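Chains, contacts and geometry: an overview
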Amino acid sequence: MSDFEKGICGCFEDGSICFLTCCCPCVQLGKNMELVDQSFVLWMMLPILFYIVTICSGFFVPLSICIPCICCIARGQIRNKYGIDGNPFFDCCWVFGCNVIPSWLVAIWPCGINLTICQEGNETKFRSSG
């Protein structure tokens, strides 16, 4: 077992991953999962689908939790593929941002999600090329 080679705050290590994560994190999530032998389209569309359902239904609180949960599951898949230490609890902590900024802030979700998607993008690119 090992740790992530790329740090959680190494967003600017690869400008293309950073830019894509900031502009369209769902596409970067799909690309990350494709590098660990998962379906690009499925992983890209899941967060978009939940976002659309959340907006259309007006159930912002119950359904808005689904997108971070998808990212937690994706992080676990990446950890399993590369033998990275960790567990689902800490995956959720990173995604929800509680290791980065105080967890009581509503604004933590985009920050935590984007940081982890960017880290996972750097990690999958590094490990798949080496």
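First, a word on what this report is: a plain description of the structure on this page. (Residues numbered from 1 in each chain as written. Predicted model: local features only at pLDDT ≥ 70, side-chain atom pairs only at ≥ 80, totals over all residues. Heavy atoms only, no water.)

Across its full length, the protein chain holds seven helices and zero strands. Listed N to C, the secondary structure of the protein chain is α-α-α-α-α-α-α in terms of helices and strands. Within the protein chain, the proportion of its 130 residues that are buried is 41%. Taking contacts inside the protein chain between residues at least 6 apart in sequence as the whole, the part at least 24 apart equals 62%. A total of about 7000 Å² of accessible surface is found on the protein chain, and carbon and sulfur atoms cover 71% of it. (Helix = DSSP H or I, 4+ residues; strand = E, 2+ residues; numbered from the N terminus. Buried < 20%, exposed > 50% of the residue type's maximum accessible area, 1.4 Å probe, protein only. Contact = heavy atoms within 4.5 Å. Areas by Shrake-Rupley, 256 points an atom, 1.4 Å probe, with all protein chains shown as cover.)

Locating Gln28 in the fold gives a position in helix α2 (residues 25-34). Not counting residues within four places of it along the chain, the set of residues in contact with Gln28 comprises Ile17, Leu20, Thr21, Ile117 and Gly121.

The next subject is the nonpolar core. Across soluble globular proteins, you tend to see nonpolar side chains buried next to one another. Formed by 17 residues in total, the largest nonpolar core has its most connected members in Leu29, Met33, Cys71, Ile78 and Ile113. Elements with a minimum of two residues in this core: α2, α5 (66-82), α6 (88-96) and α7 (108-129). Considering each element in turn, this core owes the most residues, seven residues, to α5. Setting aside anything within four residues of it in sequence, one finds Ile113 in contact with Ile67, Pro68, Cys71 and Val95. Counting six residues, the second largest nonpolar core, distinct from the first, contains Ile8, Cys11, Ile17 and Leu115. (Core = buried A, V, L, I, M, F, W, Y, C linked by side-chain atoms within 4.5 Å.)

Turning our eyes to something else, we now look at the packing of aromatic side chains. Inspection of the entire model under this criterion finds one aromatic pair. Ring geometry for Phe89 and Phe90: centres 5.2 Å apart, planes at 75°, overall edge-to-face. The exposure class assigned to Phe89 is exposed, which follows from its relative accessible area of 55%. Phe90 gets classed as partly exposed once you look at its relative accessible area, which sits at 44%. Its end group placed over the ring of Phe126, Lys6 keeps NZ or CZ at 4.4 Å from the ring centre. (Phe/Tyr/Trp six-rings, centres within 6.5 Å; stacked < 30°, edge-to-face > 60°. Lys NZ or Arg CZ within 6 Å of the ring centre and 35° of its normal.)

Interaxial distance between helix α3 (residues 40-57) and α5 falls to 9 Å at its minimum, and their mutual angle equals 165°. Overall, the two elements α3 and α5 adopt an arrangement that is roughly antiparallel. The way α3 lies across α5 gives a crossing that is right-handed. Residue-level contacts link Trp43, Leu46, Pro47, Phe50 and Tyr51 of α3 to Cys66, Ile67, Ile70, Ile73, Ala74 and Gln77 of α5. Among the residues making up the contact of α3 with α5, the classes are represented as 10 nonpolar, one polar and no charged. (Axes fitted to C-alpha atoms, helices over the stretch in contact; angles between N-to-C directions. Parallel < 35°, antiparallel > 145°, perpendicular 65-115°, else oblique. Left-handed = near helix turned anticlockwise from the far one by under 90°. Nonpolar A, V, L, I, M, F, W, Y, C, P; charged D, E, K, R; others polar.)

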